[in-house]
Amino acid sequence: MILLRLISWPYARKHLLRSVLTMAGIVLGVAVFVGMHTANQSVLAAFHQTIDRIAGSTQIQISSGEVGFEEDVLDRVREMPEVRAAAPVIEATANTGAGNLLILGVDMLGDRSLRNYDFEGTDEAIDDPLVFLAQADSIIVTRSFAEEQHLSPGSKIPMRTMQGDQVFTVRGIMKPGGLASAFGGRLAIMDIYAAQKVFGRGFKFDRVDLALEDGVRLEDAIAKIQGALGPGFQVEPPSSRGEQFEATSAIYAMASNVTSLFALFIGMFIIYNTFAIAVTERRSEIGILRALGATRGQIRTLFLVESAVSGLIGTGIGVFVGILMARGMAGYIGGLLAEVYGVAQSSGEIAPEPWLVAAAIAMGLVTSLIAAILPARSAAGVDPVKALQKGRQQTMSAGENRTRLIVAIACAVVGTFAFFFGKLGFMFYAGYFLLVLSAVLLAPSLSLRVARLLRPVLALLRPVEGT
């Protein structure tokens, strides 16, 4: 700590801009990693919660792709002894001029055994479902949507349907919570037979939601229903509906991982370059410390601790920036759901999981330490006598160069194989790490060779500066 305060801190203050730029790669890499994963987790959690709220007490859902299926399927399922309740559903997206609404067409006479419609007030149309059914233009909206659009029971709301623009009447308003909070409240209820006509379904349903009798195992019921209906139907629990979106979001998460690793890769080179320059600039300081009795281990530790402190500061800033980024990313990821459901899913609370913060800290710290290993080793190997003699330069031994080249080539070969054949698993990341390590090991020799190649050309262009 004394060396950090007396030696490292004055140097960092003197080269403040360089110190800030050193952390830039760490900040960017950690921010992308934290931001994308936090946004992904928030939207997925909110989406699964939405699925649960729409499903209610549904245990099994039967569907048949986008074409739907005939109404007789409902009768066949209801006759099965394992089924306690079966309710047909139509899902459609309608534009109201103020954004999209997810419309659930349900049978109000039988659907309440699966879903709880918590209505406000004592409107006659809601107390008596038959009245609701008798009025084909009836629609029920959520409290949040009603407040947003200044609607009340009896209000008119235009919607674009398969039959053109039509006007519907708000017959009821659902209280906040439960089903009414699905998709951030952008959901409305219609009678299923009115929905069939309005959305061009003919005499078909999109799906049937089922609840099973007590004591019936879910796996057994799915197998029996699948066998009775045939291969043209999907029989699955409601939670399976999120798999498509999870697969899509996983692609973006993988892209963010690669972007984050690339940023850390750049950050690693910035740190390496900065500390390599610092070792050269501080040779006299290192020589004085060695002459005063500092050991090689103390010098090495000094530079590694400097790098660790820089990495931790960069990681802390990166986590904070990542949380800010997550708010914007969550809106984008939630918008991906509009491609599947027509309605964007708003995210829940934006807060990173503890394991994510721990992983980010580990990433930033390890990256910083790896980048500083070679400069720290070089600093520890400074000869105090030569360092205190003006004009004397200590060069790296041929044996050390040869060893570094052999290790770098080995890392490059193994890393390339693991990177291209690891299939985005552990081997993929291990291969990436080995390739980065190989590049870091080769950087000093490659830099010297590139400089020698460029020197004649630059000397012709700018004799003094080029040389």
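In this report, we go over the structure that sits alongside the text.

Quick notes on the rules
- Residues numbered from 1 in each chain as written.
- Predicted model: local features only at pLDDT ≥ 70, side-chain atom pairs only at ≥ 80, totals over all residues.
- Heavy atoms only, no water.
- Buried < 20%, exposed > 50% of the residue type's maximum accessible area, 1.4 Å probe, protein only.
- Helix = DSSP H or I, 4+ residues; strand = E, 2+ residues; numbered from the N terminus.
- Arc of directions from axis to C-beta.
- Core = buried A, V, L, I, M, F, W, Y, C linked by side-chain atoms within 4.5 Å.
- Patch = residues over 30% accessible without salt bridge, like charges linked within 9 Å, V, L, I, M, F, W, Y side chains within 5 Å.
- Areas by Shrake-Rupley, 256 points an atom, 1.4 Å probe, with all protein chains shown as cover.
- Salt bridge = Lys/Arg side-chain N within 4 Å of Asp/Glu carboxyl O.
- Contact = heavy atoms within 4.5 Å.
- Pairing = 2+ DSSP bridges.
- Lys, Arg positive; Asp, Glu negative; His and termini not counted.
- Charge placed at Lys NZ, Arg CZ, Asp CG, Glu CD.

### A short note on helix 10 (residues 283-291)
Where helix 10 is concerned, the buried positions are R283, I286, G287, L289 and R290. Down the axis, helix 10 shows its buried residues gathered within 160 degrees of arc, on one side only. Immediately downstream of helix 10, the backbone of G293 shows phi near 115 degrees, a positive value.

### Quick word on the nonpolar core
Within the largest apolar cluster, 41 residues are counted, with the highest numbers of intra-cluster contacts made by I62, I103, I139, M190 and L210. Ranked by the residues each element gives to this core, the list is headed by strand 3 (residues 83-95), at five residues. One finds I286, L289, I299 and A360 within the second-largest nonpolar core, a separate group that totals 32 residues.

### Side note on a nonpolar patch on the surface
Residues V450, L454, V457, L458 and L461 make up a contiguous nonpolar surface patch of about 440 Å² in total accessible area. Mapped onto the fold, V457 is located in helix 15 (residues 426-461).

### Some points on unusual backbone geometry
Comment: phi is negative for the bulk of residues other than glycine, and the bulk of peptide bonds are trans. Phi is positive for H150, close to 60 degrees, though the residue is something other than glycine. Take H150: it is sitting in the loop between helix 6 (143-149) and strand 6 (156-161). Given the relative accessible area of 71%, H150 is considered exposed.

### Looking at the environment of V27
Secondary-structure assignment places V27 in helix 2 (residues 16-55). Taking the C-alpha atoms as reference points, V27 and L312, 285 residues apart in sequence, are found 9.7 Å from one another. Beyond its immediate sequence surroundings of up to four residues, V27 is in contact with G314, I317 and G318.

### So, the pairing of strand 1 (residues 60-63)
The alternating pattern of strand 1 places I60 and I62 on one face and Q61 and S63 on the opposite face, and all of these are buried. Here strand 1 pairs with strand 10 (residues 207-212) via four bridges, running antiparallel. Paired with S63 across the strands is R207, a residue of strand 10. With three bridges connecting them, strand 1 and strand 11 (residues 234-236) associate as antiparallel partners.

### Examining a negative patch on the surface
A surface patch of negative charge is lined by E70, D72, D75 and E79. Examined against the element boundaries, D75 turns out to sit in helix 3 (residues 72-78).

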